Amino acid sequence: ILKPINKNEAKLRTELIVSKASKFLDANPLTKLPGNTTIIHKIQNLIDAKKQFALGYADLDFFKSFNDKYGFSRGDEVLMMTARIIVNTVKGICGAKGFVGHIGGDDFVFIVSVEKAEEVCREIIKNFDEIIPYFYDPQDKKQGFIVSKNRQGKIEKFPLMAISIGVVFNLNGNLKHYGEAAQAAVNLK
């Protein structure tokens, strides 16, 4: 800010800096996608504005077994690839009107128009299914499964990862609070 100080300009610049800092602090450290606070505000703002939208909740099936067998570094590569697939698909189909966030771990959300939701989901699943086999060792890829410990510590066969997506539609103002949307999406997934 240069002197002489214009009060309106100083206020706007300060608000911009605070907004950017808040987004930076909220961003997921791995994918740099908006995190929970931004996601919650985005959903609630759309609900309050009585906008129609589709909220997609994406989760990776069998990610834990992959991470246990191959390690966190390779698991992080899968998460970054998944983020790129979702972002590129949403932006490619919806442009700047789409939104993608990373809740954490292997959980992602996206917000798109009701009309584009099915197309976005199909494209995300198609792209994920095409790419994910390349993250496995050739032997595991060939046999179509990995051997790893389950949550009880017992050795088990796990299929190659898949992505599951639950979608909640806000039509005619049926949602009143972001918590309703989030819980409904988790339940559907």
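Everything below is about the structure printed above this text.
None of the values given here were measured: they were computed from a predicted structure.

Reading the values: the criteria
Residues numbered from 1 in each chain as written. Predicted model: local features only at pLDDT ≥ 70, side-chain atom pairs only at ≥ 80, totals over all residues. Heavy atoms only, no water. Axes fitted to C-alpha atoms, helices over the stretch in contact; angles between N-to-C directions. Helix = DSSP H or I, 4+ residues; strand = E, 2+ residues; numbered from the N terminus. Left-handed = near helix turned anticlockwise from the far one by under 90°. Contact = heavy atoms within 4.5 Å. Nonpolar A, V, L, I, M, F, W, Y, C, P; charged D, E, K, R; others polar. Parallel < 35°, antiparallel > 145°, perpendicular 65-115°, else oblique. Buried < 20%, exposed > 50% of the residue type's maximum accessible area, 1.4 Å probe, protein only. Salt bridge = Lys/Arg side-chain N within 4 Å of Asp/Glu carboxyl O.

1. So, the packing of helix H4 (residues 72–94) against helix H5 (residues 117–131)
Consideration 1: Close contact between H4 and H5 brings their axes to 9 Å; oriented N to C, the two are set at 145°. As for how H4 packs across H5, the hand of that crossing is right-handed. For the pair formed by H4 and H5, the contact residues are Met81, Thr82, Ile85, Ile86, Thr89, Val90, Ile93 and Cys94 on the first element and Glu119, Val120, Glu123, Ile124, Asn127, Phe128 and Ile131 on the second.
Consideration 2: In the contact of H4 with H5, the residues fall into 10 nonpolar, 3 polar and 2 charged.

2. Let's talk about the environment of Thr37
Consideration 1: Topologically, Thr37 is positioned in helix H2 (residues 36–48).
Consideration 2: For Thr37 and Phe66, which are 29 residues apart along the polypeptide, the C-alpha to C-alpha distance reads 29 Å.

3. A few points about the packing of helix H3 (residues 63–70) against H4
Consideration 1: It is at 7 Å that the axes of H3 and H4 come closest, and there the two elements cross at 140°. Relative to H4, the element H3 is oriented oblique. Residues Phe63, Phe66, Asn67 and Tyr70 of H3 pack against Phe72, Arg74, Gly75, Val78 and Leu79 of H4.
Consideration 2: Looking at the contact of H3 with H4 residue by residue, the classes come out as 6 nonpolar, 2 polar and 1 charged.

4. A word on the environment of Lys154
Consideration 1: Inspection of the secondary structure puts Lys154 in the loop between strand S4 (145–149) and strand S5 (155–159).
Consideration 2: Under the relative-accessibility criterion, Lys154 is labelled exposed at 56%.
Consideration 3: For Lys154, the residues in contact, after removing those within four places along its chain, are Ser148 and Lys149.

5. A closer look at the pattern of salt bridges
Consideration 1: All chains considered together, the criterion is met by 6 salt bridges.
Consideration 2: A salt bridge links Arg74 to Asp137, with the nearest nitrogen and oxygen atoms 2.7 Å apart. In this pair, Arg74 sits in helix H4 while Asp137 sits in the loop between H5 and helix H6 (138–143), placing the two residues 63 residues apart along the sequence.
Consideration 3: Here Arg74 falls in the partly exposed class, since its relative accessible area comes to 25%.
Consideration 4: Residue classification places Asp137 among the partly exposed positions, given a relative accessible area of 32%.
Consideration 5: Here Lys126 makes a salt bridge to Glu130, at a shortest N to O gap of 3.6 Å. In this pair, Lys126 and Glu130 are both assigned in helix H5, 4 residues apart and thus about one turn of the helix distant.
Consideration 6: A relative accessible area of 46% places Glu130 in the partly exposed class.
Consideration 7: Bridged by salt links that share partners, the residues Glu123, Lys126 and Glu130 form one connected network.

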